[in-house]
Amino acid sequence: MSSFGNASHQGRSYNVNLWDDGTYCKLRETMLNTEGFSLHPRTNLVHSPDDADIIVWVSTRGYTEGEVPPPSNYSNVVLLDYSDGCSLHQSIGQVKHLVGHFKRSFVLRRDGVFESNCTTDQSVLPFAYSGVQAFVNHKINSFKQRKYVVTNMLRNNVRQLSDIRRKIIVDYTKSFVRKHSLRDGTYYIGNLGSGGPTTGFDNVYLEVLANSKIIVTANPAAWEGDFRLWEALLSGALVFVDRMAILDWMPHSFQHEKHLIMYDPMNQAEFENMLEYYVKNEAEAEAIGLRGYEHTLAHHMTTDRVSYILNNIESKLEL
């Protein structure tokens, strides 16, 4: 059960409107926020911005020319910028009563390695995706019942710059499989399912996650943050993910070797050695996977992100 962060259950409740900016390439982001603001004990979703105490603008900047920001007659506007890349939102200057600016892609990476924060503006706060109820594996099987020793379903498309480092991580995983002569059917490497950023969730994909002991994932080469990490964590598997900054900036951070395994994407030998260790020490891998699952459920679901937003904007609200 989610802890709802530090926001008090006894505080004031707010009517919240998810602003319709006229664009529709944000199905998953809208789903996250619809769930979070619907389930949080201190927020209530309303259809009309005229009835709202807080306007939440969910933007992916998928069609920037078509985005219509909240007009100046609305106060208490929160911008959740889920777009990829380092640039700040092009329409931020048009929002007259902004009380919160949260950015999901908060760091610049070079070839999968942290280089710098995207901005030094302290009014722009880091933000992370979260678990969502659709991800949750409610029937956690023991590792002995799981089919796949290791799973890697990262895209392997070198034509997309964001996937170049992911291709290398796929190659690391294939190398491990070859060196350890894993039998066909005991590992899964490759794309699966039809889920995507503008679609729902593919049940076959989620079933493979639920039947995996170790899941290897990685962020895009140039930025941090995707849904894969949260899908993997809520499967109950031990998750291998490349080192990330954003997880340290969210309340209740994840700890290496306690909740998941963070690897150096530039060090293949280290990656394969850690993978070998946890394949051989299955009980330890299972314990970390379960702690990661429980930690996500307790502190990193949609309602926890709502608490994070409220904790950072409440003192600025004009009601």
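Parameters at a glance
Counting restarts for each chain, with residues numbered from 1 along the sequence as it is written. This being a predicted model, a pLDDT of at least 70 is required before a residue's local features are given, and a value of 80 or more before pairs of side-chain atoms are given or counted; all residues contribute to the totals for chains, interfaces and linings. Only heavy atoms go into the side-chain values, all of them from the structure, while hydrogens and water stay out. Whether a residue is buried, partly exposed or exposed follows from its accessible area with a 1.4 Å probe, protein chains only, as a fraction of its type maximum: under 20%, in between, or over 50%, in that order. Working definition: helices are DSSP H or I runs of at least four residues, strands are E runs of at least two. Numbering for both runs from the N terminus. One requirement defines pairing of two strands: DSSP has to find at least two bridges between them. Helix span, as expected, comes to 1.5 Å for every residue beyond the first. By the convention used here, residues are in contact when the closest approach between their heavy atoms is within 4.5 Å. This arc corresponds to the set of directions leading from the helix axis out to the C-beta atoms. In protein, a polar contact means a hydrogen-donor-capable atom and an acceptor-capable atom, both N or O and within 3.5 Å, with residues adjacent in sequence counting only if both atoms are side-chain atoms; elsewhere, any N or O pair within 3.5 Å suffices. Axes here mean lines fitted to C-alpha atoms, for a helix over just the part in contact, with angles spanning 0 to 180 degrees between N-to-C directions. When two rings of Phe, Tyr or Trp (its six-membered ring) have centres within 6.5 Å they constitute a pair, described as stacked for plane angles under 30 degrees, edge-to-face for angles over 60, and tilted for the intermediate range. Note that a disulfide, as used here, is simply two cysteine sulfur atoms within 2.5 Å. Our angle categories are set so that under 35 degrees counts as roughly parallel, over 145 as roughly antiparallel, 65 to 115 as roughly perpendicular, and the remainder as oblique. Under the scheme applied here, ten amino acids are nonpolar (Ala, Val, Leu, Ile, Met, Phe, Trp, Tyr, Cys and Pro), four are charged (Asp, Glu, Lys and Arg), and all others, including Gly, are polar.

1. Here's the deal with the pairing of strand E3 (residues 54-59)
Most of E3 sits inside the fold, with six of its six residues counted as buried. Here E3 shows no split at all, with Ile54, Val56 and Val58 on one side and Ile55, Trp57 and Ser59 on the other all buried. Where strand E1 (residues 14-18) and E3 come together, three bridges link them in parallel fashion. Across the sheet, residue leucine 18 finds its bridge partner in E3, namely valine 56. Sheet topology note: the E3/strand E4 (residues 77-81) ladder contains five bridges and is parallel. Opposite isoleucine 55, over in E4, you have valine 77 as the bridge partner.

2. A word on helix H7 (residues 282-299)
If you check H7, its first and last C-alpha atoms are 26 Å apart, about what 18 residues at 1.5 Å a residue would give, namely 26 Å. Along H7, the residues that are buried comprise Ala285, Ile288, Gly289, Gly292, Tyr293, His295, Thr296, Leu297 and His299. Looking at the buried side of H7, the elements it contacts are helix H4 (228-233), strand E12 (238-242), strand E13 (261-263), helix H6 (268-280) and helix H8 (302-313).

3. Here we look at unusual backbone geometry
One non-glycine residue, histidine 252, lies in positive phi territory at about 60°. For histidine 252, the location among the structural elements is in the loop between helix H5 (246-249) and E13. Although it is not a glycine, glutamate 257 sits at a positive phi angle of roughly 70°. In this fold, glutamate 257 is placed in the loop between H5 and E13.

4. Section: H6
In a regular helix each residue adds 1.5 Å, so 13 residues correspond to 18 Å; H6 covers 18 Å between its end C-alpha atoms and thus fits that length. Buried within H6 we find Phe271, Glu272, Met274, Leu275 and Tyr278. Projected down its long axis, H6 shows its buried positions confined to an angular sector of 160°, all on one face. Where the residues of H6 are buried, they touch strand E9 (148-152), helix H2 (164-179), strand E11 (212-216), E12, E13 and H7. Where H6 begins, one side-chain oxygen reaches toward the backbone nitrogen of alanine 269, 3.3 Å away; that side chain belongs to asparagine 267.

5. Describing the side chain of serine 130
The topology assignment puts serine 130 in the loop between strand E8 (124-126) and E9. Sequence-distant contacts of serine 130, that is, excluding residues within four places in its chain, are made with Leu32, Phe135, Trp230, His300, Met301, Thr302 and Arg305.

6. Brief notes about the sheet that holds strand E10 (residues 187-189)
Strands sit in the order E10-E9-E11-E12-E13 across an open sheet of five strands; the sheet is parallel. The open sheet has two edge strands with one neighbour each: E10 and E13. Adjacent strand axes in the sheet meet at a mean angle of 15° when their direction is disregarded. By the bridge criterion, three bridges tie E11 to E12 in an arrangement that is parallel. Paired with isoleucine 215 across the strands is valine 239, a residue of E12.

7. Some remarks on the packing of aromatic side chains
The tally for this structure, following the rule as stated, stands at 16 aromatic pairs. Taking 6.2 Å as the distance between ring centres and 85° as the angle between the ring planes, the aromatic pair formed by phenylalanine 135 and phenylalanine 227 counts as edge-to-face. In this pair, phenylalanine 135 sits in the loop between E8 and E9 while phenylalanine 227 sits in the loop between E11 and H4, placing the two residues 92 residues apart along the sequence. For the residue pair phenylalanine 135 and phenylalanine 227, the accessibility class agrees, reading buried in each case.

8. Some details on the state of the cysteines
Disulfide: a covalent bond formed between the sulfur atoms of two cysteine residues. Following the criterion strictly, the structure yields one disulfide and no others. Two residues, cysteine 86 and cysteine 118, share a disulfide whose sulfurs are 1.9 Å apart. Residues cysteine 86 and cysteine 118 are joined through a disulfide that is left-handed, its torsion about the S-S bond being -100°. Here cysteine 86, found in the loop between E4 and strand E5 (98-103), pairs with cysteine 118, found in the loop between strand E7 (113-117) and E8; they are 32 residues apart in sequence, far enough to count as distant.

9. Things to note about the packing of helix H1 (residues 27-39) against H8
Remark: H1 packs on H8, axes separated minimally by 8 Å, with the N-to-C direction vectors making an angle of 75°. Here H1 lies roughly perpendicular to H8, going by the angle between them. Seen from H1, the contacting residues are Leu32, Glu35, Gly36, Phe37 and Leu39; seen from H8, they are Thr302, Thr303, Val306 and Ile309. Of the residues assigned to the contact of H1 with H8, the class counts are five nonpolar, three polar and one charged.

10. Regarding the side chain of aspartate 81
Topologically, aspartate 81 is positioned in strand E4. For aspartate 81, a relative accessible area of 1% translates into the label buried. If near-sequence neighbours (up to four positions away) are discounted, aspartate 81 is found in contact with Ser59, Arg61, Ser87, His89, Phe102, Lys103 and Arg104.

Interpretation note: all reported values are geometric properties and have no functional meaning in isolation.
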